[in-house]
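What follows is each chain in one-letter form.
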Amino acid sequence: MRFHAERLLQFLLPPQCYCCDKFLEEGQKGICPDCLSKIRWIEAPLCTLCGVPFLSRETKDHFCGACLTQKKYFTMARAVGYYEGPFREAIHRWKYEEKSYLTSFFGEKLTEGFHRYWQSGSLDLLIPVPLYSKRLRERGFNQALLLVQELSRRTRIPYSKRLLRKGIPTIPQVNLNGKERERGVRGSFHIQREEEIKGKSILLVDDVYTTGATVNECSKVLLKAGAERVDVLTLAHAIKNL
Ligand SMILES: [Zn+2]
Ligand SMILES: [Zn+2]
């Protein structure tokens, strides 16, 4: 009974902001202007390789400490926004409940980010970072695939959701450090139909870049299967000690 009352209220009340739950005013959609203005988009100076933005604005793009010491298989990774505040909240909610407004908002932002760093003609194929099949069944969708579909529709670069698969479930990465994360993902991705990877310039897409261990492992597997180069684009970059 209570459930029905809640549903009814939801129907009668105006829609709420996906980040702060404030009721939206007429003409507003999805995210309120206040939350929108708080989203920080990533800008140079950045690490040339992993795309982490530097705090100091007084420097030029260069390699960050992590990229100087750890092998990266991708050629370059870029992200659109900082994984913090309303942007983080919106991504978090969207991961557990698909909202078409957010899918299209994120798709648009990802495409803007894409055009800032790449030319459509320089890439052959978009590939989403896959989810382990059990997790996919639980959640019902792969957020990286939704992003890839949005990006593909807007850039006309083809995508494939089946070439890269995640086999072995990895340990939840939340409390692991960089080294442990690397070990946690090793061997968990494999390729189907190598012939479709050979010689291709690939853009891997995911929602959040944290330590980069997952996309690095995916890149390694794709290069081993004969990819020409692998780049990475994520919606957000999680920066330590923000
Ligand atoms: Zn809001
Ligand atoms: Zn770096």
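Refer to the structure printed above.
Just so it is clear, the model here is predicted, and its values are computed rather than measured. Here, residues in each chain are numbered from 1, in the same order as that chain's written sequence. Note on labels: chains are lettered from A, ligands numbered from 1, in written order. Local features are withheld for residues below a pLDDT of 70 in this predicted model, meaning they are given only at 70 or higher, and side-chain atom pairs are given and counted only at 80 or more; totals for whole chains, interfaces and linings count all residues.

K.L.:
Go over the overall build of the protein, please, and point to the residues and values.
P.N.:
A count of helical and extended segments in the protein gives 9 helices and 6 strands. Here a residue counts as buried when 20 or more other C-beta atoms fall within 10 Å of its C-beta, as exposed when 12 or fewer do, and as partly exposed in between; the C-beta atoms come from the backbone. Within the protein, the proportion of its 242 residues that are buried is 35%. A pair of residues counts as a contact when their C-beta atoms, built from backbone coordinates, are separated by no more than 7 Å. Of all intrachain contacts in the protein linking residues separated by at least 6 positions in sequence, the fraction that spans at least 24 positions is 72%. Secondary structure counts use DSSP, requiring at least four H or I residues in a row for a helix and at least two E residues in a row for a strand, with both numbered from the N terminus.

K.L.:
Please set out the sheet that holds strand 5 (residues 201-209) residue by residue, giving values where relevant.
P.N.:
With respect to topology, 4 strands assemble into an open sheet ordered 1-6-5-2, the strand pairing being parallel. Each edge of the open sheet is held by one strand with a lone partner, namely strand 1 (76-82) and strand 2 (125-128). Taken pair by pair, the neighbouring strands of this sheet meet at an average axis angle of 20°, ignoring direction. Contacting strand 1, strand 5 and strand 6 (229-237), helix 9 (residues 213-224) crosses the sheet at an angle of about 165° to strand 5. Any two strands between which DSSP finds at least two bridges are classified as paired. Only C-alpha atoms enter the line fits that serve as axes; for helices the fit covers just the stretch in contact. Angles between N-to-C directions range over 0 to 180 degrees.

K.L.:
If you had to explain unusual backbone geometry to someone new, which residues and values would you point to?
P.N.:
Here the residue pair Ala44 and Pro45 is connected by a cis peptide bond, since its omega of 5° sits within 30 degrees of zero. Looking at where Pro45 falls in the secondary structure, it is placed in the loop between helix 2 (33-38) and helix 3 (65-69). Unusually for a residue other than glycine, Arg156 sits at a positive phi of about 65°. With respect to the helices and strands, Arg156 occurs in the loop between helix 7 (143-155) and strand 3 (164-166). Exposure remark for Arg156: the 8 C-beta atoms within 10 Å place this residue in the exposed category. Its identity as a non-glycine residue notwithstanding, Arg193 has a phi of 55°, on the positive side. When you line up the elements, Arg193 lands in the loop between strand 4 (189-191) and strand 5. Its 11 C-beta neighbours within 10 Å are what place Arg193 among the exposed residues.

K.L.:
Let's hear about the pairing of strand 2: which residues, and what values?
P.N.:
Residues Leu125 and Ile127 line one face of strand 2 and the alternating positions Leu126 and Pro128 line the opposite face, and both faces are buried. As paired elements, strand 2 and strand 5 share 4 bridges and run parallel to each other. Paired with Ile127 across the bridge in strand 5 is Leu204.

K.L.:
With reference to specific residues and values, describe helix 9.
P.N.:
Along an α-helix, residues three or four positions apart point the same way, because every turn accommodates 3.6 residues. Spanning 12 residues, helix 9 covers 17 Å between terminal C-alpha atoms, matching the ideal 16 Å at 1.5 Å per step. Burial analysis of helix 9 places 9 of its 12 residues in the buried class, the great majority of the element. Every buried residue of helix 9 is accounted for by Ala213, Thr214, Val215, Asn216, Glu217, Cys218, Ser219, Val221 and Leu222. Among the residues trailing helix 9, Gly226 stands out with phi positive, at a value near 105°. By this rule, a helix spans an expected 1.5 Å times one less than how many residues it contains.

K.L.:
Go over the nonpolar core with me, naming the residues and quoting the values.
P.N.:
Each nonpolar core reported here comprises buried Ala, Val, Leu, Ile, Met, Phe, Trp, Tyr and Cys residues connected via C-beta atoms within 7 Å. With 53 residues, the main nonpolar core has Leu147, Leu204, Val205 and Leu222 as its most contacted residues. Within the residue set of this core, elements represented by two or more residues are strand 1, helix 4 (85-96), helix 5 (100-117), strand 2, helix 7, strand 5, helix 9 and strand 6. When residues of this core are assigned to domains, at least three map to each of domain 1 (1-38) and domain 2 (40-237). Discounting residues that sit within four places of it in the chain, Val205 has contacts with Leu126, Pro128, Val129, Ala144, Leu147, Val148, Leu151 and Leu233. Source of the domain bounds: an automatic or database domain assignment.

K.L.:
Outline the packing of helix 5 against helix 7, listing residues and values.
P.N.:
Each pair of packed helices gets described by two things: the angle between the helix axes and the distance between those axes. With their axes 9 Å apart at the nearest point, helix 5 and helix 7 run at an angle of 60° to one another. The orientation of helix 5 relative to helix 7 falls into the category oblique. In the packing of helix 5 onto helix 7, the handedness of the crossing is right-handed. Facing helix 5, whose interface residues are Thr103, Ser104, Phe106, Gly107, Leu110, Thr111 and Phe114, helix 7 presents Leu146, Leu147, Glu150, Leu151, Arg154 and Thr155. Its residues assigned to classes, the contact of helix 5 with helix 7 shows 6 nonpolar, 5 polar and 2 charged. Each angle gets one of four labels, with under 35 degrees taken as roughly parallel, over 145 as roughly antiparallel, 65 to 115 as roughly perpendicular, and the rest as oblique. Should the near helix be turned anticlockwise from the far one by less than a right angle, the crossing is termed left-handed; should it be turned clockwise, right-handed. Three classes are used, and their members are as follows: Ala, Val, Leu, Ile, Met, Phe, Trp, Tyr, Cys and Pro are nonpolar, Asp, Glu, Lys and Arg are charged, and the others, Gly among them, are polar.

Just geometry here; none of it tells us what the structure is for.
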